[in-house]
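Read off the chains here:
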Amino acid sequence: MVTALPVAPLRPPRCPDMRTLDRSRFPLTVSCSSVEVPVSQCSTIMKAFKGSCCTRFSDLQHKPPFVRACPERPGRKVILLDPEKVSSPIITSLAEAQIREVSVELSYKNWSASQIIRAFLPDNIPDTDVVSGFEIVGHIAHLNLKEFHEPYKAMIGEVILDKNPSIRTVINKLNTIHSQYRFFDMEILAGEENYLTTAIEHKIKFSMDFSKVYWNSKLGTEHCRVVDAIPSGSTVLDMFCGIGPFALPLAKKGCQVHANDLNPESYRWLLENRRINHIPEKFIRCYNKDGREFVREFSDPIDYVLMNLPASATKFLDVFKGLHSGSESNSGRPVWVFCYHFAPVDSPEESTLSAVESVLGVRPCDASVHLVRKTAPKTWMTCAQFTVPESVLRGENPAKKTRTE
């Protein structure tokens, strides 16, 4: 039996001098073991190896055919094999089998996007910074390129467009999120300049102008977690609702949702998404106000408040101070809060709870912190969950209270 030796992964030729994508510069000729057999014996071999005859090309996006015609010998086929399979009993038992080496020609179409991009990026850029993953929102691919990608960004966009048939637009984020309306400037790297798209999450369609609203598909799991945690029939205030990733599924499950966003474009698409998902207005009311104004003007009893604005949500916790003062109907009714925050990676829980306490003046006794996701190597997005202390809602001096109220 032949022992297989380690085989180096296939990679396209290096092109570090490339600045304009030239798809003709990625050919590679690979020598491969094969067996030539009559057509009638092909199915026997394929069944014996369960269709996995040659793993040499397993990391390619578009694999060459393993079974190919034999032009010089009609009625026979050539099957590509891993070297150790050439000497297997199933092959040696075939009287008419002929073992030989064949050349397989690879080209641009065979390689994956990350393999092509690695080929033209400089050697000093580590593999971890090769663009291999990106957010997809409908037909849009959204990248967060770094400064050293700048000379290669047009090529990166073209490659991603080539290798992903469902993608029609490739964009790059240019700066941090707009502090007031929560969207970012972007540039087109490749494809059509079309920002109108639709994402599907929680079995709900979310239409949007991606250039004017905030949407992050990576938060889908968090959206589901919170929606599942809130009971049907609850009254929910969503202070910074965006286009409705929390608000719409909560309304669909039967909550009474009041959804607010300061961004006029988010408000517009929230109304549109309520319409296209056929969610009755009686389950979701939409507002275009400042977050504090929205909460202070709401006079009915509240069960839950969502505060998904991690860059500054904790600062808005002051809206709960005295919220129930002078209101006997709301007195004693707990108000649950989900408040998002950006925290340092070395102490995310304590940092989040300290931020809550610094505004409320007291740390809620039932407060907990959920780690949502890392947004940067040194930053966690967190979610503080707690009921607002009754003393805060009544507007009492927190200095007279303890943390264990």
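All values derive from a computational prediction rather than experimental measurement. (Residues numbered from 1 in each chain as written. Predicted model: local features only at pLDDT ≥ 70, side-chain atom pairs only at ≥ 80, totals over all residues. Heavy atoms only, no water.)

Caption draft 1: Here's a closer look at the environment of proline 12. In this structure, proline 12 sits in the segment before β1 (28-38). You can call proline 12 buried: its relative accessible area is 8%. Sequence separation between proline 12 and isoleucine 116 is 104 residues, and the spatial gap between their C-alpha atoms is 6.8 Å. Beyond its immediate chain neighbours, meaning those up to four positions away, proline 12 contacts Phe26, Trp111, Gln115, Ile116 and Ala119. (Helix = DSSP H or I, 4+ residues; strand = E, 2+ residues; numbered from the N terminus. Buried < 20%, exposed > 50% of the residue type's maximum accessible area, 1.4 Å probe, protein only. Contact = heavy atoms within 4.5 Å.)

Caption draft 2: Molecular detail of the sheet that holds strand β4 (residues 98-106). Spatial strand order, β2-β3-β1-β4: four strands in an open sheet with antiparallel pairing. Each of the sheet's edge strands pairs with one partner strand only, and the pair in question is β2 (67-69) and β4. Direction aside, neighbouring strands of the sheet carry axes that sit 40° apart on average. Bridge count between β1 and β4: nine bridges; the pairing is antiparallel. Paired with serine 31 across the two strands is serine 103, which belongs to β4. (Pairing = 2+ DSSP bridges. Axes fitted to C-alpha atoms, helices over the stretch in contact; angles between N-to-C directions.)

Caption draft 3: Highlighting the sheet that holds strand β16 (residues 368-376). Taking strand neighbours across the sheet as the criterion, the seven strands line up as β13-β12-β11-β14-β15-β17-β16 in an open arrangement whose pairing is mixed. Of all the strands in the sheet, just β13 (284-287) and β16 have a single pairing partner and so form its edges. Strand-to-strand twist of the sheet, defined as the mean angle between neighbouring strand axes without regard to direction, takes the value 20°. With four bridges connecting them, strand β14 (residues 304-307) and strand β15 (residues 336-344) associate as parallel partners. Among the inter-strand pairings, leucine 306 is bridged to a residue of β15, identified as phenylalanine 338. Most of the contacts of helix α6 (residues 220-229) go to β15, to which it runs at about 155°, and overall it touches β14, β15, β16 and β17 (379-387). Running at roughly 120° to β15, helix α10 (residues 348-360) makes contact with β15, β16 and β17 of the sheet.

Caption draft 4: Unusual backbone geometry, seen in detail. You will see that histidine 202, though not glycine, has its phi angle at about 55°, which is positive. Take histidine 202: it is sitting in the loop between β9 (196-201) and β10 (204-209). Backbone geometry places histidine 278, a non-glycine residue, at a positive phi of 55°. Tracing the backbone shows histidine 278 in the loop between α8 (264-276) and β13.

Caption draft 5: Spotlight on the side chain of threonine 382. With respect to the element layout, threonine 382 can be found in strand β17. In this structure threonine 382 comes out as buried when scored by relative accessible area, which is 0%. Discounting chain neighbours no more than four positions away, the residues touching threonine 382 are Cys339, Tyr340, His341, Ala343, Pro348, Thr352, Val369, His370, Leu371 and Val372.

Caption draft 6: Structural view of the environment of glutamate 150. Along the chain, glutamate 150 falls in the loop between β6 (140-143) and α5 (153-163). Residues glutamate 150 and histidine 139, 11 residues apart in the sequence, show an inter-C-alpha distance of 23 Å.

Caption draft 7: Summary view of the packing of aromatic side chains. Counted under the stated rule, the structure contains seven aromatic pairs. It is lysine 163 that lies over the ring of tyrosine 108; its NZ or CZ is 4.4 Å from the centre. Sitting over the ring of phenylalanine 316, arginine 292 keeps its end group 4.2 Å from the ring centre. (Phe/Tyr/Trp six-rings, centres within 6.5 Å; stacked < 30°, edge-to-face > 60°. Lys NZ or Arg CZ within 6 Å of the ring centre and 35° of its normal.)

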